Amino acid sequence: MDTRWVLQIMLVLWLIKATTQAATLAKPGCQEKCGDLTVPFPFGIGANCSGDEGYAISCDTTFSPAKAFISSINLEVLEISLANGSLRVNNPVLTSNCPDRPNSILDVDLSASPFSFSDTDNRFTAMGCDNLALINRQATTIGGCMSFCNITSRDNTCYGINCCQTRIPPFLKFINASLGSIDRSNDQTGCKYAFMVDQDWFTNLTDPYVVQRMDNVPVVLNWRPYGACRSFGAFNSATNSSESLCRTQAFCTNQSLCSCNPGYDGNPYLPDGCQEKQGRKEEIMGVTSLARRCMNLYGRSRPTMKEVAMELEGIRMSNAATTPQQTYEEVAFSMNEPFGPWDTATLTASPAESNISPSSDAKPLLVD
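A brief structural summary. Here, residues in each chain are numbered from 1, in the same order as that chain's written sequence. Given that this is a predicted model, residues contribute local features only at a pLDDT of at least 70 and side-chain atom pairs are listed and counted only at 80 or more, while totals for whole chains, interfaces and linings are drawn from all residues. Here the side-chain values reflect all heavy atoms present in the structure, with hydrogen atoms and water set aside.

Re the state of the cysteines
Whenever a pair of cysteine sulfur atoms sits within 2.5 Å, that pair is classed as a disulfide. One pass over the full model with this rule turns up nine disulfides. What pairs with Cys98 in a disulfide is Cys191, and their sulfur atoms sit 1.9 Å apart. Given an S-S torsion of about 75°, the disulfide between Cys98 and Cys191 has right-handed geometry. A residue pair is termed long-range when its members are at least 10 positions apart, and Cys98 in the loop between β8 (94-96) and β9 (107-109) and Cys191 in the loop between β15 (174-180) and β16 (192-198) qualify at 93 residues. With respect to class, Cys98 is no different from Cys191; both count as buried. One disulfide in the model links Cys158 with Cys163; its S-S distance is 1.9 Å. On the S-S bond that ties Cys158 to Cys163, the torsion sits near -80°, and the link is left-handed. Every helix listed is a DSSP run of H or I at least four residues long, and every strand listed is a run of E at least two residues long, numbered separately from the N terminus. Note on classification: 1.4 Å probe, protein chains only; a residue is buried when its accessible area is under 20% of the maximum for its type, exposed when over 50%, partly exposed between these limits.

Quick look at the structure:
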């Protein structure tokens, strides 16, 4: 077999190993995708697929694509983050006196779930003229904001004129909002609406007033294992195991979240879920360069067996560095890039002309 083909086969085999995809993020044997959403453990679709019933997800295939819902709170899931301990869900918009829309309520109860509204990512927002929007928790007002009237002009800011925002307290698990007029003796009956919203999403809207026509907006919920990464359900030190939920090559952070050790990625809540990072760009480029030099079988630039072993060891040791994983397209580009013209003079040169040592290290790597 032609030596060039043998070397290319060896390189392809190495690249296949280097670009092996990480293990599934879902519990083994369980469905990982619902529509476009990836569902990683401790969340799960189906019986015995979640870490706790609070993380159970139902996949509604009557939609196209299918939509995922948190079973315990019946809110649509848009995104799940293991690293941040958060998920984005669709949250209802409260409206009053808006054209072509019935009056609605904003009443979300997370108390029976492991989730709470993120006080860093969300803002309580009210829009409309003469709008006093209040956040209530168990008949107690805990926050709110007022938006004043300006009927002559409207901009896309939210600083109190036709739109206002306020922060929410941490660990908020229940919200009931109400709408009313700032001056009850001069009640303005125009369209008013209020909602809890992911602030990053809201600030990126070209026209924030499109929310008036929406039934739901995205909101960020936080989740954490209980008892310093020891239980997905309610933790009781007398009855729960002292064993950590963080599996092989993972640790519990000071945020009570499991994370893969440096140099590993994947799902830290699954056995062997954290896999060593492989397929880095520097590795692939290094081996590609080495293979090109090896193809100069009788040239001065051809490395010896000892040099090959040393370079491969250096590439292997560089695995400890944390760099982005090489994509399939980049790998294909590296493989398809031409090796350049063959040096026919070098191929026909004698050992003396090419200064090749007669030692065993100078023997060709492969022979036909």
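A word on the packing of aromatic side chains
Here a pair means two rings of Phe, Tyr or Trp (six-membered ring of Trp) with centres within 6.5 Å. Their orientation is stacked below 30 degrees between planes, edge-to-face above 60, and tilted elsewhere. Applying the stated criterion across every chain, the model contains twelve aromatic pairs. Pairing Tyr193 with Phe195 gives two aromatic rings, centres 6.4 Å apart and planes at 20°, and the pair type is stacked.

Regarding the environment of Ala228
Checked against the element boundaries, Ala228 lands in the loop between β17 (216-223) and β18 (250-252). In this structure the C-alpha to C-alpha distance between Ala228 and Ser244, which are 16 residues apart in sequence, comes to 7.9 Å. Other than its neighbours up to four places away in sequence, Ala228 contacts Cys252 and Ser256. Here, two residues are considered to be in contact whenever any of their heavy atoms come within 4.5 Å of each other.

A short note on the sheet that holds strand β12 (residues 131-137)
For two strands to count as paired, DSSP must find a minimum of two bridges between them. In spatial order, the strands read β9-β15-β12-β13; together these four strands make up an open sheet with antiparallel pairing. The sheet terminates laterally at β9 and β13 (140-147), the two strands that pair on one side only. Averaged over all pairs of adjacent strands, the angle between their axes in this sheet comes to 20°, without regard to strand direction. Bridge count between β9 and β15: three bridges; the pairing is antiparallel. For every element, the axis is a line fit to its C-alpha atoms; helices are fit only across the contacting stretch, and the angle between N-to-C directions ranges from 0 to 180 degrees.

Remarks on the pairing of strand β6 (residues 75-81)
The buried fraction of β6 is high, at five of seven residues. With three bridges connecting them, strand β5 (residues 67-70) and β6 associate as antiparallel partners. Along β6, the bridge assignment pairs Ala68 with Val77. Once β5 ends, the chain turns through four residues before running back antiparallel as β6, passing Asn74 with a positive phi of about 55°. Here β6 runs beside strand β7 (residues 86-92); their pairing, made up of four bridges, is antiparallel. What sits directly across from Glu79, in β7, is Arg88.

Re the environment of Gly44
Tracing the chain through its elements places Gly44 in strand β3 (residues 44-45). In this structure Gly44 comes out as buried when scored by relative accessible area, which is 3%. In this structure the C-alpha to C-alpha distance between Gly44 and Glu32, which are twelve residues apart in sequence, comes to 7.7 Å.

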